[in-house]
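Survey of secondary and tertiary structure
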Amino acid sequence: MQRGVDVSIIVPCYNTERFLGQALASAQQNSRANVEILVLNDGSTDGSPSIMRAFEQRDQRIRVIDKPNQGYGATVNRGIDEARGTYVAILEPDDWVLPGMYDDLFGLARATAWPDVVKSSYWRILCHDGCDAQKAHGYLYGRIKNTHVPITLADEPQLIQYHPSVWSALYRRSYLNDQGIRMREVPGAGWVDNPFCVHTMAAARSIVYTNEPYYCYREDLASASSAHTDAQIMIDRWNERQDVLDQLAICDAGILKANYVVGLRFMAQILRGELDHKTHDALVGMARRMDQDIVRTIDCIPTHVVARCMEFAGSNERPPSALAYKAHLAREASWALRSNGPKFLFHNLKLALSKGAHA
């Protein structure tokens, strides 16, 4: 009897010829799990299609799907619809994975009774253009205490508090279909990984996390969607994150707090610029969706940003003290030093000073 597909690796591509070969070659380095690699050409106009086709001719596990340009969310959704695997994964065409990532994560799924989501840590690849690349652990590394056992988001709310990192995971395909979970379909990338992350984690009956990093994420590419900030996009995506929690009737204080932290990070970025009336009113709308008693407990965001959020919400309560935020910074410095060494600690300090808020 022919074995079914274990993991469908979805590679959404739009004009990604520079790194695409490395991404596809890395996905090929899995032999224990039966994988299919779905390369979705989202109307590329560069040399990407010829690279895809060359890989397709050499490896029967690779299938190229051509489609008109519709953006990242629609392209990932097409991949989920085309997938045949028990699990699906997303591989960005400008990143790469370490050998055996999908073998190991599928093996972990098998060993833990087929959870809805298998999540791993990842590597941040920093400063790779014009200088020596630096490799640093992602923000979840060492923070999730329940590893290799089934949990829910209520057990580890930090799973939605940092970078969505939707690509460092396997998602059980039947779970996505049963729950109707798909990406938002907007032009370009548009940070649609944010509500997708919250939905996949919050609706899951079982999540298994491993601290082993496999995925190598090129963090500071100028072309990456995370390198561009647009106030309305951030506001829309956070509201969609909160919409998911509301629709699922999530009232767990830890989960809500984790989502508020992300909203306050977005707010901090927006507040660095001049506010027009529309943006001001949108921030007021965000703040009023947050339980201010929970907001007052948040110490990982600069105190002036928390105070501004409370002002937007019409709260007369006092925000957390500046001392609490300084204590948080000390804890983060300790985490960075333990996880990545002094070079990364220096990088993070520069990042915090330039952005005004730890991400």
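Shown above is the structure to which this text applies.
Values in this document were obtained by computation on a predicted structure and should not be read as measured data. (Residues numbered from 1 in each chain as written. Predicted model: local features only at pLDDT ≥ 70, side-chain atom pairs only at ≥ 80, totals over all residues. Heavy atoms only, no water.)

Section: the overall build of the protein
Heads up, the condition is: Helix and strand labels come from DSSP, where a helix needs a run of H or I of at least four residues and a strand needs a run of E of at least two; each type is numbered from the N terminus. Restricting the calculation to C-alpha atoms gives the radius of gyration, and the globule rule supplies 2.2 Å times the number of residues raised to the power 0.38. Note on contacts: a residue pair is in contact if any heavy atoms of the two residues lie within 4.5 Å. Positive charges come from Lys and Arg, negative ones from Asp and Glu, while His and the chain ends are left out of the count. Just so you know, the charge point we use is NZ for Lys, CZ for Arg, CG for Asp and CD for Glu.
When its secondary structure is counted, the protein shows twelve helices and nine strands. Computed over the C-alpha atoms, the radius of gyration of the protein is 20 Å, within 12% of the 21 Å expected from 2.2 N^0.38 for a compact globule of 359 residues. C-alpha atoms of the protein, sized along the principal axes, occupy 65 × 45 × 40 Å. By sequence separation, contacts in the protein at least 24 residues apart represent 78% of the contacts at least 6 residues apart. Across the protein, the 39 positively charged side chains and the 41 negatively charged ones have centroids separated by 4 Å.

Comments concerning the pattern of salt bridges
Once their charged atoms are close, side chains differing in charge can pair, the charge on each being opposite to the other. Which entries qualify depends on this criterion: Salt bridge, as used here: a side-chain nitrogen of Lys or Arg that lies within 4 Å of a carboxyl oxygen of Asp or Glu.
For the structure shown, the criterion picks out 20 salt bridges. Here Asp299 makes a salt bridge to Arg331, at a shortest N to O gap of 3.2 Å. Of this pair, Asp299 sits in the loop between α10 (292–295) and α11 (303–312) while Arg331 sits in helix α12 (residues 322–355); the two residues are 32 residues apart in sequence, bridging distant segments of the chain. Through salt bridges that share partners, Arg32, Asp103 and Asp104 make up one connected network.

Observations regarding helix α3 (residues 72–82)
Helical periodicity: at 3.6 residues per turn, an α-helix aligns residues three or four positions apart in one direction. Test applied: Throughout, exposure labels follow a simple rule: accessible area from a 1.4 Å probe, protein chains only, divided by the maximum for the residue type, with under 20% read as buried, over 50% as exposed, and the rest as partly exposed.
Along α3, eight of the eleven residues are buried, which leaves the element largely enclosed by surrounding structure. Listed in full, the buried residues belonging to α3 are Tyr72, Gly73, Ala74, Thr75, Val76, Asn77, Gly79 and Ile80. In this structure, the buried side of α3 is in contact with β1 (7–13), β2 (35–42), β3 (62–67), β4 (87–90) and α5 (173–179).

Re helix α9 (residues 277–288)
Put simply, the rule reads: Expected helix span is taken as 1.5 Å per residue step, with the number of steps being one fewer than the number of residues. Polar contacts here mean pairs of N or O atoms no more than 3.5 Å apart (in protein, one a potential hydrogen donor and the other a potential acceptor; neighbouring residues in sequence count only if both atoms are side-chain atoms).
Taking 1.5 Å of rise per residue, the twelve residues of α9 would be expected to cover 16 Å, and the 17 Å separating its terminal C-alpha atoms lies within 8% of that figure. Every buried residue belonging to α9 is among Thr279, Ala282, Leu283, Val284, Met286 and Ala287, and all of these are buried. Next to the buried residues of α9 lie α7 (231–247), α8 (253–271), α10 and α11. The backbone nitrogen of Lys278 has a side-chain oxygen 3.3 Å away, supplied by the residue at the start of α9, namely Asp276.

A short note on the packing of α8 against α11
To keep things clear, this is the line we draw: Axis lines are fitted to C-alpha atoms, over the contacting stretch for helices. Their N-to-C directions set the angle, which ranges from 0 to 180 degrees. Working rule for angles: under 35 degrees goes down as roughly parallel, over 145 as roughly antiparallel, 65 to 115 as roughly perpendicular, anything else as oblique. Here the term charged refers only to Asp, Glu, Lys and Arg, the term nonpolar to Ala, Val, Leu, Ile, Met, Phe, Trp, Tyr, Cys and Pro, and the term polar to all other amino acids, Gly among them.
Packing of α8 against α11 leaves a shortest axis separation of 10 Å and a crossing angle of 95°. It follows that α8 is roughly perpendicular to α11 by the angle criterion. Contacts between α8 and α11 pair Leu264, Met267, Ala268 and Leu271 from the former with Val305, Val306, Arg308, Cys309 and Phe312 from the latter. Taken together, the residues of the contact of α8 with α11 break down into eight nonpolar, no polar and one charged.

Things to note about the environment of Ala202
For Ala202, the position within the fold is in helix α6 (residues 193–202). Ala202 gets classed as buried once you look at its relative accessible area, which sits at 15%. Residues Ala202 and Gln161, 41 residues apart in the sequence, show an inter-C-alpha distance of 12 Å. When residues no more than four places from it in sequence are discounted, the contact partners of Ala202 are Leu153, Leu245, Leu248 and Ile250.

The values are spatial; any link to function lies outside them.
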